[in-house]
Amino acid sequence: MAPSPQMQRDMLRQMQTIRRFEERASDDYHAGDIYGVVHCYIGEEAVAVGVCAALTNEDKIIGTHRGHGHCIAKGADLKRMMAELYGREAGYCKGKGGSMHIADFSIGMLGANGIVAGGIPIVTGAGLAAQMDGQGRVAVSFFGDGASNAGPFHESLNIAAKWKLPMLYVCENNLHSAQTPASQTLSVEDIAARAHGYGIPGVIVDGNDVLAVHEVALEAVARARAGDGPTLIECKTYRWRAHTERPNQPDSRSEEEIAKWMKKDPIARLVDHLKTQQGQFSDAEWEAMDAEILQSIEAAVTFSKASPFPAPEAALADLYAD
Amino acid sequence: MAPSPQMQRDMLRQMQTIRRFEERASDDYHAGDIYGVVHCYIGEEAVAVGVCAALTNEDKIIGTHRGHGHCIAKGADLKRMMAELYGREAGYCKGKGGSMHIADFSIGMLGANGIVAGGIPIVTGAGLAAQMDGQGRVAVSFFGDGASNAGPFHESLNIAAKWKLPMLYVCENNLHSAQTPASQTLSVEDIAARAHGYGIPGVIVDGNDVLAVHEVALEAVARARAGDGPTLIECKTYRWRAHTERPNQPDSRSEEEIAKWMKKDPIARLVDHLKTQQGQFSDAEWEAMDAEILQSIEAAVTFSKASPFPAPEAALADLYAD
Amino acid sequence: MAEVSFFQAGMDALAEEMRRDAKIFHLSTDAPYPLVDEFGESRVRATPIAESALTGMAIGAASSGYRPIVDWRQVTFAFVAMDQIVNQAAKIHYMFGGQANFPILYRASVSGGGRAAAQHSQSPYSMFMNVAGLKITLASTPYDLKGLLKTAIRDNNPVISFESNRLYPMKGEVPEEDYTIPFGKADIKREGADVTIVALAYQVHEALAAAQTLADEGVSAEVLDPRTLVPMDSAAIRASVRKTGRLVIADEAGPTAGASAEIATLVTEDPETFACLKAPVKRVCALQVPIPYSPGMEDHVFPDRRRIAAGVRAVLSF
Amino acid sequence: MAEVSFFQAGMDALAEEMRRDAKIFHLSTDAPYPLVDEFGESRVRATPIAESALTGMAIGAASSGYRPIVDWRQVTFAFVAMDQIVNQAAKIHYMFGGQANFPILYRASVSGGGRAAAQHSQSPYSMFMNVAGLKITLASTPYDLKGLLKTAIRDNNPVISFESNRLYPMKGEVPEEDYTIPFGKADIKREGADVTIVALAYQVHEALAAAQTLADEGVSAEVLDPRTLVPMDSAAIRASVRKTGRLVIADEAGPTAGASAEIATLVTEDPETFACLKAPVKRVCALQVPIPYSPGMEDHVFPDRRRIAAGVRAVLSF
Ligand SMILES: Cc1ncc(C[n+]2csc(CCOP(=O)(O)OP(=O)(O)O)c2C)c(N)n1
Ligand SMILES: Cc1ncc(C[n+]2csc(CCOP(=O)(O)OP(=O)(O)O)c2C)c(N)n1
Ligand SMILES: [Mg+2]
Ligand SMILES: [Mg+2]
């Protein structure tokens, strides 16, 4: 069953919010207001949004170094996200985390994580907790194609499969890890094939089709809630930008490949889909939605700039919980 | 093509040598002449012997904590092995290693290894070296069912598959890891199924049938030497004794299971096979072979006892190579 | 008070806490039988050999309201989980600005003497001390182990309990009633006036034996057991050294960048204590080599009462 | 002599050695382009993100006659490979009785200052110092880096080169001719009489700046750079402190069980040097916390010339 038109619009809004948020983050990074390392999710928005639309507030997810999309899709507050990028007190992590480490535990977002595959065991522990709670909650691990070659992927999937943990393992196969193409590092064409080794379903989906992603996510979530264990979902997708926003970053990918994938824009695709559903969506509505989004992002920036930097001595706080 | 009668006898001799060596090692351990931790391979002899019979002296292997069988099958000297268990100067490692760390680099035995799955990357590096050498050499990783759930297994198989390294990954599935049955930890029935995830052949073989093991090993070695990459071989087998020889070790396995598998004795099976090959092998020959083996082990013990303990200060030697 | 082994005191701490709090569960590659029997296979799980996953799973479960215990067993096996320890568990509370708590107990045995050779004989606690964000205990008696483990389980942070395998069979008095031992409080195991011996884990007992020998020679040695390495009770150590003027540290880890170096420096960087110092500090540690298998070599590597006493005599004769 | 960046000096060392010895090859998760261009994809391999496997593969290849170089890139990623480092690479020569050689160079960047937050800002070299069997370099100039890397590549043991990412853009003079720098030989970067500042990596430059300021105040500071952490040139450090009577250590790692504690203790446990010590030792280190993201907080965590100078004044006013 396709999601309602309203739900589709919500998905569109989230995808566009991710994109606009990152466009602004990139600008402000280059302007010197945001520091360190920023990895953009642009082009892959359909994955986080399609999956998280299948979740409740009680379900848990973990993101990657490319984590803004996961946060926004799970419902994080743009203001506190942007303030974190700005390194301010009002940021989600009081300025301690930055782009690579945004979390909102109150909505089940267990954090972006800067270690490739490092988040997979952690969220698998949240899946174990969900199972022990017995409330039908699920947990979702987002990770890249690169992470699927790392040890923690294997250890976690084996445990989750054996214990039938209520988990989704969502691989964002964007065909590259940093400067290295997946074709040079992946011994299989399809990462979903690895599911065989754990006796669980492995599903391949067009990661640029939010409705398709949502459908497989719904199915996997139902499976997980029913106690039937984890699903490995491989989303074929692509990042539009360089690995990070650092100036003069190398980019080993061909212009043709990038252009080809930009034509498969997941946002344009959903807009098209909504428009072709007779009477569902007008140009004006789309423009209005985008304007609203831009406004919310402007508001987030204003909020961030108004928030003070943490005192230098705040570096000493938060080492331990009480 | 079945191995020649002579070769079958050589295999039998090696299997029986492993068994007699460990029976003696266990006795001398309990008598206090051998220290630390001793893990016996008894019951699994067909795996190491069947595989190593497909190798040359130039090929490399790595063993596990249960490593005597791998050493003997690769042609290690019983005297220097036993002297190592005895902690003597004449031991392979001058008394630094003991049972869990015997190596003979001169015959391509890169060591027993006390870390579950720890040897897999190392011998994969030997496989890379073999590939770079271009001499048609291969490398073999022995590991347990337990190791197949660990990260280094996954990382190594992916790399070996992608780079088509001349490797055999030989899983000794003895159905248990220490006190924990594989049925509680393995998400798949057959570890060989994990080969799917790397796009390589995964073969299951009766690990108590040395001729069957040898046959699949020959095939995999041929594949590897031809540049077609690694094979995952799962040998279904069983250890007869407790996880270690430590007195009062718990053993979580049922007596029925142990008895069932002792009936599948790989040595008795080959003896039977040789005998039923009309005129190939008499009781007297078998007894003579066993007597010779026992003698060689007695000689190894005599040799060991004659070798001095290393000086205490020798603890400071061998920290670095020159 | 009952005489209980160090091993049993640890098990008792876990069992009593698990009875008290249903949110505690236990992961290890083999499950400890008495706990399985009492609490069932769902709370006391035998896991695949995948310490990296277990270590990380504890973090995720902790953030979901549980209080996991992961027994790595030998510290050796913790190294496959080091990313989860150093990059995740130690930093996750801090880097997310203190949003969530991660109450986790990790246990690991350390030490040597079992002829288990290099890979299975290690005492690398100082490596973990260097990582900000962990708490670290290192008990020397059944009483201390039980109390420290209970404190660890009730703490809202990742705590590592390092436990010397030489101590597991050792018996000691342990009260029936519930008690805890605060972190960061050293225990003076023997009072003395001429020299302070800061001793760790099993070496506490060697130091006490050395102190006895030294007493016969007319030397009064104080034996101080920090009990927790992080937080370290630098105040107690400094106070003792200000009293005695001399410091010997007995540790069966190697010296290089070890806990012993940290303890020495806590003393020598403190102006007031430095002013009282009458002799160079002395580390009585394992030799800086991997641990060899053969008994004579292995015994040569480790410190003991004889070497501790010699160390004390050396600083006294300065 | 050419002015070459620290980064380039490292690349040059690798390229020159690879030209000299066909047995050298290079593994890292992204391949360094200039080396790929010159030596091809078979000797300079881009690998899957599987640092544990890479680290172990180097061991196996080394035992087969190769001389692998594994660039972990950030030391952070070395923690997923810690089992292979601690349990295998460090011990394998020893535990097999010296049968085979394992010539391996591991490289890792350390330090902070890049607003990269807790996971990507670490300087944990002391953790590796504690492990017997490794050699460890920590260069402070392009000249030293190149010479140390060449020595490392020619060494028959596993060597870790830790490299401060703050230094990569820094330029310095590097001769055209082949040269090496012996391990275990400290370099006095500035001579002085009143205080010894042992400084590590980037802090050498901060210490030199502090020494300049102090000179204006009439204080003569000696700046000593150990260059290798294992082996550590304790003789040179002690000789310097015997001359000056005072020791300050500048390190951008946290202090607890750090290299700084080891250096302090090498001085205070040596009777002859202790006898010359006029003041407590002083560690000027990063604060013992993970590294925060926001610039003001991050800068507050790290030592700098100001804090070094203050540390020197403190020991001088004792
Ligand atoms: C264990 C580890 N090794 C290396 C890195 C450096 N690194 C950061 S992102 C990245 C590429 C990740 O690729 P992938 O998993 O496909 O995610 P993507 O960036 O494509 O979303 C690498 C190598 C890291 N963060 N962690
Ligand atoms: C990383 C690691 N974790 C735990 C151990 C402790 N340990 C030693 S042997 C063993 C069981 C290994 O099982 P398996 O791989 O099936 O080999 P088997 O003993 O059955 O031959 C365990 C858990 C270890 N050596 N290494
Ligand atoms: Mg990718
Ligand atoms: Mg097994």
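Everything numeric here is computed off the predicted structure, so don't read it as measured data.

> Sorry if this is basic, but what is going on with the overall build of chain A here?
For chain A, the count of helices and strands is 10 helices and seven strands. Against the 2.2 N^0.38 benchmark of 20 Å for 322 residues, chain A shows a C-alpha radius of gyration of 19 Å, consistent with a compact globule. Its C-alpha atoms give chain A principal-axis dimensions of roughly 55 × 50 × 40 Å. In chain A, which comprises 322 residues, the share counted as buried stands at 63%. Of the contacts made within chain A by residues no fewer than 6 positions apart, 75% connect residues no fewer than 24 positions apart. Entry remark: accessible area of chain A is about 10,700 Å², with carbon and sulfur atoms responsible for 51%. Looking at charge distribution, chain A has the averaged site of its 30 positive side-chain charges lying 2 Å from that of its 42 negative ones.

> Is there a simple way to think about the site of ligand 2 in this case?
Taken together, 17 residues lie near ligand 2, and His65(B), Arg66(B), Gly114(B), Asn174(B) and Glu51(C) sit nearest. Proximal residues around ligand 2 fall on chains B and C, making this an inter-chain site. With respect to ligand 2, the side chain of Asp145(B) contributes an N or O atom lying 2.9 Å from an oxygen atom. Here an oxygen atom of ligand 2 and a backbone polar atom of Ala147(B) are 3.2 Å apart.

> Where do I start with the sheet that holds strand β5 (residues 104–110) of chain D in this structure?
All names here are of chain D. Pairing is mixed in the open sheet, where seven strands are placed in the order β3-β2-β4-β5-β7-β6-β12. What marks the edges here is a single partner per strand, and that holds for β3 (44–46) and β12 (228–230). Recorded for the sheet is a direction-independent mean angle of 20 degrees between the axes of neighbouring strands. Pairing geometry for strand β2 (residues 24–28) and β3, over three bridges, is parallel. Directly across from Ser28, in β3, lies its bridge partner Ala46. Its contacts with the sheet place helix α8 (residues 142–154) against β2, β4 (67–74), β5, β6 (135–138), β7 (158–164) and β12, and it is angled at close to 160 degrees to β7.

> I keep staring at the pattern of salt bridges and nothing clicks. Help me out?
Opposite charge on two side chains lets them pair, provided their charged atoms get close. All names here are of chain B. As enumerated under the stated definition, the model contains 97 salt bridges over all chains in all. The shortest N-O distance in the salt bridge between Asp209 and Arg269 comes to 3.3 Å. Of this pair, Asp209 sits in the loop between β6 (202–206) and α7 (210–225) while Arg269 sits in helix α9 (residues 266–276), placing them 60 residues apart in sequence. Given a relative accessible area of 34%, Arg269 falls into the partly exposed group.

> Even after reading the chapter, I still don't get the side chain of Arg9(B), so can you show me in this structure?
Residue and element names in this part refer to chain B. One can find Arg9 in helix α1 (residues 5–30). On the accessibility criterion, Arg9 (19% relative accessible area) is buried. Within the structure, the side chain of Arg9 is placed 2.7 Å from the side chain of Glu285, a separation counted as a polar contact. The residues contacting Arg9, other than those within four sequence positions of it, are Leu274, Gln280, Phe281, Glu285 and Met289.

> Can you help me understand the interface of chain C and chain B in this one?
Buried accessible area, meaning the area lost when the parts come together, often serves as the stated size of an interface. Listed as interface residues are 29 residues of chain C and, on the opposing side, 37 residues of chain B. When chain C packs against chain B, the two sides together hide about 2,400 Å² of surface, and 66% of this comes from carbon and sulfur. On the chain C side of the contact with chain B, Ile49(C), Tyr293(C) and Met297(C) bury the most area, a combined 29% of that side's loss. At the surface where chain C touches chain B, the tally comes to zero salt bridges. Where chain C touches chain B, the interface holds 11 residue pairs in polar contact (both at pLDDT 80 or more). The greatest single-element share of the side of chain C that touches chain B, amounting to five residues, is contributed by helix α13 (residues 295–301) of chain C. Its residues assigned to classes, the side of chain C that touches chain B shows 17 nonpolar, 10 polar and two charged.

> Before we go on, may I ask you to explain the interface of chain D and chain C in this structure?
In this assembly, 50 residues from chain D lie in contact with 50 residues from chain C. Of the roughly 4,200 Å² buried at the junction of chain D and chain C (both faces included), carbon and sulfur atoms supply 62%. Summed over the shared surface of chain D and chain C, the result is four salt bridges. The partner of Arg283(C) in a salt bridge is Glu269(D), with the nearest N and O atoms 3.0 Å apart. Taken together, the links from chain D to chain C amount to 33 residue pairs in polar contact (both at pLDDT 80 or more). Residue assignment for the side of chain D that touches chain C shows that the elements contributing at least two residues are α5 (82–89), α6 (92–95), α7 (125–129), α11 (259–268) and α12 (271–276) of chain D. Its residues assigned to classes, the side of chain D that touches chain C comprises 30 nonpolar, 13 polar and seven charged.

> Could you clarify how one ought to interpret the relation of the copies chain D and chain C in this entry?
The relation between the two copies of this chain is a rotation about an axis and a shift parallel to it. Its rotation angle being 180 degrees, the transformation that places chain D on chain C also includes 0.0 Å of axial translation and leaves an RMSD of 0.0 Å. Taken together, the rotation angle and the small translation identify this as a two-fold axis. Ranked by how close their C-alpha atoms come to the rotation axis, the residues of chain D are headed by Met127(D), at 2.2 Å. In this assembly the copies share their binding face: 100% of the residues contributing to the interface of chain D also contribute to that of chain C.

> What should I look at first to understand the confidence of the model for chain C in this one?
Atomic detail in the predicted coordinates should be set aside for any region of low pLDDT. Looking at chain C as a whole, its pLDDT mean stands at 98, while 100% of the residues score no less than 70. Predicted as a complex, the structure gets a pTM of 0.98 and an ipTM equal to 0.98.

> For this particular structure, what's the right way to read the site of ligand 1?
His65(A), Arg66(A), Gly146(A), Asn174(A) and Glu51(D) are the nearest of the 17 residues found near ligand 1. Site remark: ligand 1 is flanked by residues from chains A and D. His176(A) places a polar main-chain atom, nitrogen or oxygen, 2.9 Å from an oxygen atom of ligand 1. In the environment of ligand 1, a nitrogen atom lies 2.6 Å from a nitrogen or oxygen atom belonging to the side chain of Glu51(D). Relative to its unbound accessible surface of 590 Å², ligand 1 loses 95% to contact with the protein. By residue class, the composition of the shell around ligand 1 is six nonpolar, eight polar and three charged.

> I tried to follow the sheet that holds strand β2 (residues 24–28) of chain C on my own but got confused; where do I start?
Residues and elements named next belong to chain C. The strand order across the open sheet formed by seven strands is β3-β2-β4-β5-β7-β6-β12, and the pairing between neighbours is mixed. Both outer strands of the open sheet, β3 (44–46) and β12 (228–230), are each paired with one neighbouring strand and no more. This sheet shows a mean twist of 20 degrees between the axes of neighbouring strands, independent of strand direction. Pairing analysis gives seven bridges linking strand β5 (residues 104–110) to strand β7 (residues 158–164), with the strands arranged parallel. For Tyr106, the partnering residue across the bridge sits in β7 and is Ile160.

> Please clarify how the nonpolar core should be interpreted in this entry.
Proteins that are soluble and globular tend to have nonpolar side chains buried together. The biggest cluster of nonpolar side chains holds 383 residues, and the ones touching the most others in it are Leu168(A), Leu168(B), Phe128(C), Phe162(C), Phe128(D) and Phe162(D). A per-element tally of this core places α7(B) first, with nine residues. In contact with Leu168(B), other than residues within four places in its own chain, are Val51(B), Ala139(B), Val140(B), Ser141(B), Ala217(B), Ala220(B), Val221(B), Ala224(B), Thr231(B) and Ile233(B).

> Help me understand the domain arrangement of chain C, please; the structure alone is not making it clear to me.
Residue and element names in this part refer to chain C. Examined at the domain level, chain C breaks down into domain 1 (2–174) and domain 2 (187–316). Computed over C-alpha atoms, the centres of domain 1 and domain 2 are 26 Å apart. Taken together, the 26 residues of domain 1 in the interface contact 27 residues of domain 2. Here domain 1 packs against domain 2, burying approximately 2,200 Å² in sum over the two surfaces, 61% of which is carbon and sulfur.

> Help me understand the packing of aromatic side chains in this model?
How two aromatic rings sit relative to each other is set out by the distance from centre to centre and by the angle between their planes. By the definition in use, this model includes 33 aromatic pairs over all chains. Centroid distance Tyr143(C) to Tyr179(C): 4.5 Å. Interplanar angle 10 degrees. Geometry classified as stacked. Here the residue Tyr143(C) occupies a position in helix α8 (residues 142–154), and Tyr179(C) occupies one in the loop between β8 (171–174) and β9 (187–190), the gap between them amounting to 36 residues. Judged by its relative accessible area of 11%, Tyr179(C) is buried. A centroid spacing of 6.2 Å and a plane angle of 35 degrees characterise the contact between Phe79(D) and Phe128(D), whose relative ring orientation is tilted. In this pair, Phe79(D) is assigned in the loop between α4 (75–78) and α5 and Phe128(D) in helix α7, connecting sequence segments 49 residues apart. Among the aromatic residues, those joined into a cluster by ring pairs are Phe79(C), Tyr125(C), Phe128(C) and Phe162(C). The ring of Trp261(B) carries Lys264(B) above its face, with NZ or CZ at 3.9 Å from the centroid.

Calculation rules
- Residues numbered from 1 in each chain as written.
- Chains lettered and ligands numbered in written order.
- Predicted model: local features only at pLDDT ≥ 70, side-chain atom pairs only at ≥ 80, totals over all residues.
- Heavy atoms only, no water.
- Helix = DSSP H or I, 4+ residues; strand = E, 2+ residues; numbered from the N terminus.
- Rg over C-alpha atoms; globule rule 2.2 N^0.38 Å.
- Buried < 20%, exposed > 50% of the residue type's maximum accessible area, 1.4 Å probe, protein only.
- Contact = heavy atoms within 4.5 Å.
- Areas by Shrake-Rupley, 256 points an atom, 1.4 Å probe, with all protein chains shown as cover.
- Lys, Arg positive; Asp, Glu negative; His and termini not counted.
- Charge placed at Lys NZ, Arg CZ, Asp CG, Glu CD.
- Near = heavy atom within 4 Å.
- Polar contact = N/O pair within 3.5 Å; in protein donor to acceptor, adjacent residues only side chain to side chain.
- Pairing = 2+ DSSP bridges.
- Axes fitted to C-alpha atoms, helices over the stretch in contact; angles between N-to-C directions.
- Salt bridge = Lys/Arg side-chain N within 4 Å of Asp/Glu carboxyl O.
- Buried area = accessible area lost by both parts, 1.4 Å probe.
- Nonpolar A, V, L, I, M, F, W, Y, C, P; charged D, E, K, R; others polar.
- Least-squares fit on C-alpha atoms with pLDDT ≥ 70 in both.
- pLDDT = per-residue confidence, 0-100.
- Core = buried A, V, L, I, M, F, W, Y, C linked by side-chain atoms within 4.5 Å.
- Domains from an automatic or database assignment.
- Phe/Tyr/Trp six-rings, centres within 6.5 Å; stacked < 30°, edge-to-face > 60°.
- Lys NZ or Arg CZ within 6 Å of the ring centre and 35° of its normal.

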